[in-house]
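# Geometric and topological summary
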Amino acid sequence: MKKTFKLSSLLVAGLLALTACSDDFEYTPAGAPNETSSMKFAEGTAVSADLTMEDQSVSVTVVRAETDKAETVNLIATGLHKECFEIPTSVSFEEGESRAKVTIGFKENMELFKKYQLTLQLQCNEYNPNSQNFITINISKTDYKTVCYGVYTAWLFDGSWNSTLQYSEIQDDYRIGNWISSGYYLNFKWNRETNEITTAASYPTGYNHSQYGDVTAKLIPIDEAGHTAVFDEEKNTIYFGVQYVVSAGSFGANLDSFQITHWLE
């Protein structure tokens, strides 16, 4: 340990001597830090946007705690696809404003059914290892259009809610929008001439159980022919055989339904 200390002392002495002999060195003190309010994105740290071919932009909202002054904070954009977006360089608040919108435009080279990701960070001066001053935006553009309105009923959640049925001509695919959770879909093929419906084996619901974690919907046969979904013309309702499962097991199986209330086509 003594040898190491003596060697370090010699190095320091040498550096001091070199500094003392130089007349060209000038010290410039750092400027005062740019004081900013505590800010974050209202949508959280991640958001998904499923857009139509006609959509030209997407917006997120920045919120701040202090509103006693006007201020502007720079935005830092990162991600493999950032060149595909028109991104503002900053976000501004007027005095008294607690919310400000950030609008991100799309360039013409965005492809349909491709996932694009962009991360925006607020350049705040506060250091906080748990800071939420960033947001990751996942975007895709599709040709899905709403063809009817209806009511979805899920047996596990013992409830019903308004939903939409959407159709993609390019994919020849139907999906129930904002199915169990916002941003999650139940996709299926539907032959409108024979009314035969074909589903995938399972779907993520986006629902996280407080005790058992992520819930997945497995589609199970509900008739002798082995169909996992059946359309009842008389009731204008699609029935799905659903088994809701988690990593620890299953909640059981029963019928979900989507009752069509109004066709748009």
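Here, the structure is the one placed above.
The model shown is predicted, which means the values in this text are computed figures rather than measured ones. (Residues numbered from 1 in each chain as written. Predicted model: local features only at pLDDT ≥ 70, side-chain atom pairs only at ≥ 80, totals over all residues. Heavy atoms only, no water.)

With that settled, the discussion passes to a nonpolar patch on the surface. Taken together, M53, L112, F113 and I170 make up a surface patch of nonpolar side chains, about 320 Å² in accessible area. Looking at the element boundaries, F113 is found in the loop between β7 (99-106) and β8 (116-122). With a relative accessible area of 30%, F113 lands in the partly exposed category. (Patch = residues over 30% accessible without salt bridge, like charges linked within 9 Å, V, L, I, M, F, W, Y side chains within 5 Å. Areas by Shrake-Rupley, 256 points an atom, 1.4 Å probe, with all protein chains shown as cover. Salt bridge = Lys/Arg side-chain N within 4 Å of Asp/Glu carboxyl O. Helix = DSSP H or I, 4+ residues; strand = E, 2+ residues; numbered from the N terminus. Buried < 20%, exposed > 50% of the residue type's maximum accessible area, 1.4 Å probe, protein only.)

What follows is about the pattern of salt bridges. Overall, the coordinates contain 3 salt bridges when judged by the stated rule. R64 serves as the salt-bridge partner of E71, at 2.8 Å between the closest nitrogen and oxygen. Taking relative accessible area as the criterion, E71 reaches 9% and is therefore assigned buried.

Sheet strands associate in pairs through backbone hydrogen bonding, adopting either a parallel or an antiparallel arrangement. If you trace the 5 strands from one edge of the open sheet to the other, you get β2-β9-β8-β4-β6, paired in mixed fashion. Two strands in the sheet have a free side with no partner beyond their single neighbour: β2 (46-52) and β6 (90-93). The mean angle between the axes of side-by-side strands here comes to 25°, regardless of whether they run parallel or antiparallel. Bridge count between β8 and strand β9 (residues 134-142): 6 bridges; the pairing is antiparallel. When the bridges of β9 are listed, Q121 appears paired with F134. (Pairing = 2+ DSSP bridges. Axes fitted to C-alpha atoms, helices over the stretch in contact; angles between N-to-C directions.)

Alternating positions in strand β14 (residues 196-199) separate cleanly, I197 and T199 being buried on one face and E196 and T198 remaining unburied on the opposite face. As judged from the 4 bridges shared by strand β13 (residues 186-191) and β14, these two strands associate in the antiparallel manner. In the strand pairing of β14, W190 is matched with I197. From the end of β13 to the start of β14, which pair antiparallel, there are 4 residues, and N195 there has a positive phi angle of about 65°.

Applying the stated criterion across every chain yields a total of 17 aromatic pairs. Consider the rings of W155 and Y244, whose centres lie 5.7 Å apart with planes at 55°: the pair is tilted. Of this pair, W155 sits in the loop between β10 (145-154) and β11 (159-168) while Y244 is found in strand β18 (residues 237-246), placing the two residues 89 residues apart along the sequence. By relative accessible area, which is 23% here, W155 ends up partly exposed. (Phe/Tyr/Trp six-rings, centres within 6.5 Å; stacked < 30°, edge-to-face > 60°.)

Judged by side-chain charge, E66, D68, E94, E95 and E97 come together as a negatively charged surface patch. Structurally, E94 can be placed in the loop between β6 and β7. Judged by relative accessible area, which is 52%, E94 ranks as exposed. (Lys, Arg positive; Asp, Glu negative; His and termini not counted. Charge placed at Lys NZ, Arg CZ, Asp CG, Glu CD.)

Turning our attention to the environment of V60. Note that V60 resides in strand β3 (residues 57-64). Note: C-alpha distance between V60 and I135 (75 residues apart in sequence) is 9.0 Å. Once you skip the residues sitting within four places of it in the chain, V60 turns out to touch F41, E43, V47, A100, K101, V102, I135 and I137. (Contact = heavy atoms within 4.5 Å.)

Within the element layout of this structure, S163 appears in strand β11. What makes S163 buried here is its relative accessible area of 5%. Here G177 takes part through its backbone oxygen, which lies 2.6 Å from a polar atom of the side chain of S163. The contacts of S163, once residues within four sequence positions are left out, are Y149, G150, Y152, I176, G177, N178 and F258. (Polar contact = N/O pair within 3.5 Å; in protein donor to acceptor, adjacent residues only side chain to side chain.)

The 4 strands lie next to each other as β1-β3-β7-β5, forming an open sheet whose pairing is antiparallel. Single-partner strands in this sheet number two, and they are β1 (39-41) and β5 (85-86). Here β5 pairs with β7 via 2 bridges, running antiparallel. Note that in β7 the partner of F85 across the bridge is F106.

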